[in-house]
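Breakdown of the fold
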Amino acid sequence: MMLKSLHLEIVKVRDVHWAIQVLLVVLGILAAFFVSGWFISLSGGNPAEAFIAMFKGAFGEPRKVYDTLMRATPLIFTGLATVIAFRAKIWSIGQEGQLYAGAMLAYTLYRIFQPMLDRPLLLVVVLLGGFLGGGLLGLLAGWLKSRFNVDIIISTVLLNYIVTTMLLFLLYDHKYWMGAETYYPRTDTITKDAWFPIIFEDARLHMGFLIAVGFAFMVYWTLKRTPYGYDLRAMGSNPIATMFKGINVNRLIMITMFLSGGLAGMAGSGEVFGVHHNVNMAISAGYGYTGIIVAMVSELNPLVVIIVSILFGALINGSVVMATQTGIHTSIIFVIQAFVLLAILITRALMSYRIRRVPHAG
């Protein structure tokens, strides 16, 4: 109403030069850090000291860079899982539960096959277990949507809680997975023949990072060059037209949820066999939910997911040093992540729409 009285209207912008897009994104991220610094100052901290400590903690030396890449690895997987689902406008929030499901099935297969398989085959088994664990949980949500029209958001959120509750049950009893010589809810340490190989000596960066980057390129190629990718993008653009074209939408939803869940599940197997070397409730620092933010900031581009995941991995890794040196609580990282997402959404709106004056008749 106000715009009409002023003879203004909001119109969609067709083309924005790439340089302007990059500039707006950079300015948005800088604004997010500026506002986050204001919050740090409100808590009694020094924003400059906090950000310097965070940067040094993330990139100050080679080993810290490797740790940042290690933190980015599960975010790449869960970010890619989000990209596949959201490209089809399937609003899955189940990446966190799928991560845990992948970890659980991978560990189950490890317990079964570790005595009988050599190291290379055992690594393949736990990787497949991670993919299948997350994939089957995603498939369940897809089937509920296809068969009973259960909203994907509701089913995936509820499945997150179901899976984590099941894991708690298994870890809190010596009869099941709880370690024989521990009073903490975790399993015994996994034997070293099942540990993911380390990429660099004296560092924790494992082969999962290379696998995640490889999957990013694979997802990009799948979306751009395959019939499945075309169907996926078509459903995201116009699901009704996709149905009338003869594409089986229900089957496409189930396949997409299986693949999306599988990628998130591989994040779980990577954390268990590459980082923690046991199963516990802390294998995910909210990586499933952060992966959704990563995908949104990346504008659902699989290759950009790699870069944004490294940025968010740096925030997570650097927050530990920041907390140690400045006393600022690591929860500020969630504030920064939220403001970065908000800034990207605002800049995306600025790039997509503009306000113009309507010629006044008479």
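Our subject is the structure listed above.
Just so it is clear, the model here is predicted, and its values are computed rather than measured. (Residues numbered from 1 in each chain as written. Predicted model: local features only at pLDDT ≥ 70, side-chain atom pairs only at ≥ 80, totals over all residues. Heavy atoms only, no water.)

Some thoughts on the overall build of the protein
Along the backbone of the protein there are 14 helices and two strands. A compact globule built from 362 residues should have a C-alpha radius of gyration of about 21 Å, and the protein, at 22 Å, falls within 12% of that. Projected onto its principal axes, the C-alpha positions of the protein cover 85 × 60 × 35 Å. Going through the 362 residues of the protein one by one, you find that 46% of them count as buried. (Helix = DSSP H or I, 4+ residues; strand = E, 2+ residues; numbered from the N terminus. Rg over C-alpha atoms; globule rule 2.2 N^0.38 Å. Buried < 20%, exposed > 50% of the residue type's maximum accessible area, 1.4 Å probe, protein only.)

What to know about the packing of aromatic side chains
Following the criterion strictly, the structure yields 14 aromatic pairs and no others. Ring geometry for Phe55 against Phe59: centres 5.6 Å apart, planes inclined by 50°, an arrangement best described as tilted. One end of the pair, Phe55, and the other, Phe59, are both in helix α3 (residues 47–59), four residues apart, so they sit about a helical turn from each other. A residue is classified by how much of its surface remains accessible, and Phe55, at 55% relative accessible area, is exposed. (Phe/Tyr/Trp six-rings, centres within 6.5 Å; stacked < 30°, edge-to-face > 60°.)

Things to note about the side chain of His206
You can see His206 is positioned in the loop between α7 (152–171) and α8 (208–225). A polar side-chain atom of His206 sits 2.9 Å from the main-chain amide nitrogen of Gly208. Discounting chain neighbours no more than four positions away, the residues touching His206 are Met70, Thr73, Phe196, Pro197, Ile198, Ile199, Gly270, Gly274 and Val275. (Polar contact = N/O pair within 3.5 Å; in protein donor to acceptor, adjacent residues only side chain to side chain. Contact = heavy atoms within 4.5 Å.)

Comments concerning the nonpolar core
With 90 residues, the main nonpolar core has Ile76, Leu80, Ile90, Tyr110, Leu263, Phe273 and Phe312 as its most contacted residues. Sequence-distant contacts of Leu80, defined by excluding residues within four places in its chain, comprise Ala212, Phe215, Ala216, Val219, Leu263, Pro302 and Val305. (Core = buried A, V, L, I, M, F, W, Y, C linked by side-chain atoms within 4.5 Å.)

As for a nonpolar patch on the surface
A cluster of nonpolar side chains, Trp18, Val22, Leu23, Val26, Leu27 and Leu30, forms an exposed patch at the surface whose accessible area comes to about 620 Å². Secondary-structure assignment places Leu30 in helix α2 (residues 18–42). The exposure class of Leu30 is exposed, given its relative accessible area of 53%. (Patch = residues over 30% accessible without salt bridge, like charges linked within 9 Å, V, L, I, M, F, W, Y side chains within 5 Å. Areas by Shrake-Rupley, 256 points an atom, 1.4 Å probe, with all protein chains shown as cover. Salt bridge = Lys/Arg side-chain N within 4 Å of Asp/Glu carboxyl O.)

A look at α8
Relative to the 26 Å expected for 18 residues at 1.5 Å per residue, α8 spans 25 Å between its end C-alpha atoms, a close match to the ideal helical length. Taken residue by residue, α8 has Gly208, Phe209, Ala212, Val213, Phe215, Ala216, Val219 and Leu223 as its buried positions. Viewed end-on, α8 has its buried residues packed into an arc of 160°, placing them on one side of the element. Of the exposed residues in α8, the ones pointing more than 90 degrees away from its buried face are Leu210, Phe217, Trp221 and Arg225. Elements in contact with the buried residues of α8: α4 (62–87), α9 (227–237), α11 (249–276) and α13 (302–326). (Expected span 1.5 Å × (residues − 1). Arc of directions from axis to C-beta.)

Quick notes on α3
Its 13 residues give α3 an end-to-end C-alpha distance of 18 Å, which sits within 8% of 18 Å, the value for a rise of 1.5 Å per residue. Where α3 is buried, its residues touch α2, α4, α13 and α14 (332–352). Measuring from the side-chain oxygen of the N-cap residue of α3 to the backbone nitrogen of Ala48 gives 3.0 Å; that N-cap residue is Asn46.

Comments concerning unusual backbone geometry
One non-glycine residue with positive phi stands out, namely Lys89, at about 55°. As for its placement among the helices and strands, Lys89 is situated in the loop between α4 and α5 (95–113). With a relative accessible area of 48%, Lys89 lands in the partly exposed category. Notably, Leu300 is not glycine yet its phi reads approximately 60°, a positive angle. For Leu300, the position within the fold is in the loop between α12 (287–297) and α13. Given a relative accessible area of 17%, Leu300 falls into the buried group.

Looking at the pattern of salt bridges
For the structure shown, the criterion picks out one salt bridge. Of the charged contacts in the structure, one is a salt bridge between Arg204 and Asp67, with a shortest N-O distance of 3.6 Å. Of this pair, Arg204 sits in the loop between α7 and α8 while Asp67 sits in helix α4, and the two are 137 residues apart along the sequence. On the basis of relative accessibility, which here comes to 36%, the residue Arg204 falls in the partly exposed class.

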